[in-house]
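Chain by chain, the residues run as shown.
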Amino acid sequence: MKNRKLLMIPGPIEFEPKVLRAMGVVTTSHVAPNFIETFGNSLDLMKQIWMAPGGQAFIVSGSGTLSMDMAAANLVERGDNVLVISTGYFGERFKNILDRYGANTSILRAPVGEVVSLEAIEEELKNKSYKLLTITHVDTATGVLVDPKPIIDLAKKYDVLSILDGVCSVAGEEIKQEDWGIDLVLTASQKAIGVPPGLALLVASQKAMNVWENRKTPVQNYYADWANWLPIMRAYEERRPSYFGTPPVNLIAALETSLKIIKNEGVQNRVNRHQVLASAFRLAISALGLDILPVDDKIAANTMSAIYYPKGIDGAEFCAKVSEYGVIIAGGLLNEIKSTYFRVGHMGSVSPEDLISTLSAVEYALHKMDYKFDSGIGLKTFQEAIYSI
Ligand code: PMP
């Protein structure tokens, strides 16, 4: 890794060399037998990793926002009541998308760094009849992790469809789509799935597919319409050639490779690894005297951390110093408090060594900026936490 910096933002992340090499395969036709096999395997592997054996997987060229767009375009009709449960930036984005398709969208906003209470959600569902609700599993702007299960239980109790925005969580946080009864789980390739940006990935339940099939009005988006994509996914599942829009052949080769790596590690082992690294990292951050954005570590994500700059430290200068030491981190994203915090991604193939490098760079920047701390305390705390597990 000479002459290159370690990419520790919450997506895109550092990718496995094997995944990057897979992208370098000679580009084949999208109807070549070997590509059909790769696409079909990827769909099968997605259902295993999402833990939704009876679900319908979709792989479409686009980013995570297309996954959200596809969910909204296919499941919403003009005038439908939809509830967005927001823990920051990406809940607002979902509301904008849903509004665009004519939904009558209500939004429950958590205070910064907190989650919406179950009582508030139940109150809302009791008082108004909703067709659909959306949850951001990990809001990448705040690093807040929502426990989706009790919310899904409420959705089932009130007969409301559920969508989980898992862009910053699938393959890094626990999700049991079928067992929990989530109707749609969506993500993108560039985060914990471990593939360069460019793929929108979704798994829909049979119930969600039935709701789409029984629409009274056509889907208001041509590219996102499942009527165009479902026959293609079915064909690849059955290892038959087909065409709607040319798939990103090389990215899908990388996807198959990464999904196999995830499967070989085991989804639960992978989630546990994320948990261990996240908690050791945050112990180190707190030993340095820095505060995290989520109000309680219990609602802090395993895939990333959002951390306040210490008082008196200029954020732009801090991030530049961290980069000088060879590590790239991200600044804040939530408009109201953007300049007060930074974000570190720790997902996918992230290792203790990556986090040691990151903590070294953080200590270096703090030291250069005359912040008073016990030099090495972050690294020592991290190492001790890792050894004790
Ligand atoms: N939802 C969440 C939770 C995200 O973190 C992101 C991307 N950071 C998106 C949606 C949108 O994904 P993309 O940037 O790939 O369009």
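Each remark here, short or long, concerns the structure printed above.
The notes below deal with the structure included here. (Residues numbered from 1 in each chain as written. Predicted model: local features only at pLDDT ≥ 70, side-chain atom pairs only at ≥ 80, totals over all residues. Heavy atoms only, no water.)

Regarding the site of the ligand
Around the ligand, a shell composed of 13 residues is seen, among which S63, G64, T65, T140 and D165 lie nearest. One of the side-chain nitrogen or oxygen atoms of S63 is found 2.5 Å away from an oxygen atom of the ligand. Take T140: an N or O atom from its side chain is 2.3 Å from an oxygen atom of the ligand. A total of 390 Å² of accessible area belongs to the ligand in isolation, and the protein chains cover 87% of it. Taken together, the elements giving at least two residues each to the shell around the ligand come down to α3 (64-75) and α4 (89-100). Considered class by class, the residues forming the shell around the ligand number 4 nonpolar, 6 polar and 3 charged. (Near = heavy atom within 4 Å. Polar contact = N/O pair within 3.5 Å; in protein donor to acceptor, adjacent residues only side chain to side chain. Areas by Shrake-Rupley, 256 points an atom, 1.4 Å probe, with all protein chains shown as cover. Helix = DSSP H or I, 4+ residues; strand = E, 2+ residues; numbered from the N terminus. Nonpolar A, V, L, I, M, F, W, Y, C, P; charged D, E, K, R; others polar.)

Observations concerning the packing of helix α5 (residues 118-127) against helix α6 (residues 148-157)
Orientation of α5 relative to α6, taken along the N-to-C sense of each, is 15°, at an axis distance of 11 Å. Here α6 runs roughly parallel to α5, going by the angle between their axes. Judged by the twist between their axes, the crossing of α5 over α6 is right-handed. Taken together, the residues of α6 that come into contact with α5 (itself represented by L118, I121, E122 and L125) are P150, I151, L154, A155 and K157. (Axes fitted to C-alpha atoms, helices over the stretch in contact; angles between N-to-C directions. Parallel < 35°, antiparallel > 145°, perpendicular 65-115°, else oblique. Left-handed = near helix turned anticlockwise from the far one by under 90°. Contact = heavy atoms within 4.5 Å.)

Quick look at the sheet that holds strand β8 (residues 161-165)
A sheet is described by the order of its strands in space; here 7 strands give the open sequence β2-β10-β9-β8-β5-β3-β4, paired in mixed fashion. Of all strands in the sheet, those bounded by a partner on one side alone are β2 (56-61) and β4 (104-109). The average undirected angle you get between the axes of adjacent strands in this sheet is 15°. By the bridge criterion, 5 bridges tie strand β5 (residues 132-136) to β8 in an arrangement that is parallel. Each residue of the ladder has a partner; that of L132, found in β8, is L161. Lying over the sheet, helix α2 (residues 33-49) contacts β2 and β10 (199-204), oriented at roughly 125° with respect to β2. Contacting β2, β9 (184-188) and β10, helix α9 (residues 226-237) crosses the sheet at an angle of about 110° to β2. (Pairing = 2+ DSSP bridges.)

Section: the side chain of S67
With respect to the helices and strands, S67 occurs in helix α3. For S67, a relative accessible area of 0% puts it in the buried group. Engagement of the side chain of S67 in a polar contact is seen with the backbone nitrogen of L201, the distance being 3.4 Å. Contact partners of S67, with chain neighbours within four places excluded, come to L186, T187, A200, L201 and L202. (Buried < 20%, exposed > 50% of the residue type's maximum accessible area, 1.4 Å probe, protein only.)

Focus on the side chain of S351
Within the fold, S351 resides in the loop between β14 (341-345) and α13 (352-368). Engagement of the side chain of S351 in a polar contact is seen with the side chain of E353, the distance being 3.0 Å.

Concerning the packing of aromatic side chains
With the rule as written, the count across this model stands at 14 aromatic pairs. With 5.9 Å between their ring centres and 90° between their planes, F35 and Y236 make a pair best called edge-to-face. Of the two residues, F35 sits in helix α2 while Y236 sits in helix α9, which places them 201 residues apart along the sequence. What makes F35 buried here is its relative accessible area of 4%. Aromatic rings pair up to connect Y222, Y223, W229 and F244 into one cluster. (Phe/Tyr/Trp six-rings, centres within 6.5 Å; stacked < 30°, edge-to-face > 60°.)

Description of the pairing of β8
Counting buried residues in β8 gives 5 out of 5 residues, a clear majority hidden from the surface. By the bridge criterion, 3 bridges tie β8 to β9 in an arrangement that is parallel. Residue D165 lies in a different strand from β9, and its bridge partner there is L186.

Fair warning: the whole summary comes from geometry, so function is off the table for now.
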